[in-house]
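In case you want the letters, here they are:
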Amino acid sequence: QVQLVESGGGLVQAGGPLRLSCAASGRTFSRLVMGWFRQAPGKEREFVATISWYGSSTDYADPVKGRFTVSRSNAKNTVYLQMNSLKPEDTAVYYCAARSGPNSTGRLGREYDYWGQGTQVTVSS
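Residues numbered from 1 in each chain as written. Predicted model: local features only at pLDDT ≥ 70, side-chain atom pairs only at ≥ 80, totals over all residues. Heavy atoms only, no water.

Draft legend 1. Layout of the nonpolar core. Of all hydrophobic cores here, the largest spans 37 residues; its most connected members are Leu4, Met34, Trp36, Val79, Leu81, Met83 and Tyr94. For this core, the elements supplying multiple residues, two or more each, are strand 3 (18–25), strand 4 (33–39), strand 5 (46–51), strand 7 (68–73), strand 8 (78–83), strand 9 (92–99) and strand 11 (119–124). Not counting residues within four places of it along the chain, the set of residues in contact with Val79 comprises Leu20, Ser21, Cys22, Phe29, Met34, Trp36, Ile51, Val70, Ser71, Arg72 and Cys96. (Core = buried A, V, L, I, M, F, W, Y, C linked by side-chain atoms within 4.5 Å. Buried < 20%, exposed > 50% of the residue type's maximum accessible area, 1.4 Å probe, protein only. Helix = DSSP H or I, 4+ residues; strand = E, 2+ residues; numbered from the N terminus. Contact = heavy atoms within 4.5 Å.)

Rendered as structure tokens:
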């Protein structure tokens, strides 16, 4: 079992930065592929970013490519999402997710085994 706890959400003005963190416990973190997803009000959950076991492979959704950066510290059992140049359309609840098994990044929520409780990000215009 893996427990995931997100932090770092909040209210930020458009154009500003924000960094989310997700602390994991309960399993060898370096053997987990990690992902970030988000869900805006009235919309389906969508993929944001993912990172492989040691960070050698990352993948991003087109709307955030070039603005968001996913990284991880296996020493701290933590994955990060650095969000720059935020836009009002980035407003959503952001979820951290983890998947065990092969070291391959994934964009589909159903590929992930564990989820955090989410953290709200609100971008004002």
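Continuing now.
Draft legend 2. Up close: the pattern of salt bridges. Inspection of every chain in the model, using the stated rule, returns six salt bridges. Residues Asp90 and Arg67 are paired through a salt bridge, measuring 2.7 Å at the closest nitrogen-oxygen approach. Separated by 23 residues along the polypeptide, Asp90 in the loop between strand 8 and strand 9 and Arg67 in the loop between strand 6 (58–60) and strand 7 bring together distant segments of the chain. By relative accessible area, which is 10% here, Arg67 ends up buried. Of the charged contacts in the structure, one is a salt bridge between Glu111 and Arg99, with a shortest N-O distance of 3.4 Å. Of this pair, Glu111 sits in the loop between strand 9 and strand 10 (114–115) while Arg99 sits in strand 9, placing them twelve residues apart in sequence. (Salt bridge = Lys/Arg side-chain N within 4 Å of Asp/Glu carboxyl O.)

Draft legend 3. Structural view of the pairing of strand 11. Alternating residues of strand 11 divide into Thr119, Val121 and Val123, all buried, and Gln120, Thr122 and Ser124, none buried. Summarising the sheet, strand 2 (residues 10–13) and strand 11 pair through four bridges and their orientation is parallel. Bridged to Val12 within strand 11 is Val123. Judged from the three bridges that link them, strand 9 and strand 11 form a sheet pairing that is antiparallel. Residue pairing in the sheet places Val93 in a bridge with Gln120 of strand 11. (Pairing = 2+ DSSP bridges.)

Draft legend 4. Representation of the environment of Val121 in the model. Looking at where Val121 falls in the secondary structure, it is placed in strand 11. We classify Val121 as buried; its relative accessible area is 0%. Sequence separation between Val121 and Val12 is 109 residues; the distance between their C-alpha atoms is 7.8 Å. The residues contacting Val121, other than those within four sequence positions of it, are Gly9, Gly10, Leu18, Leu20, Met83, Asp90, Thr91, Ala92 and Tyr94.

Draft legend 5. Main features of the state of the cysteines. Going through the model one piece at a time under the given rule, you end up with one disulfide. Disulfide partner of Cys22: Cys96, at an S-S distance of 2.1 Å. Classification of the bridge connecting Cys22 and Cys96 rests on its S-S torsion, roughly -75°, and on that basis the disulfide is left-handed. Of this pair, Cys22 sits in strand 3 while Cys96 is found in strand 9, placing the two residues 74 residues apart along the sequence. Exposure class is identical for Cys22 and Cys96. Each is buried. (Disulfide = S-S within 2.5 Å.)

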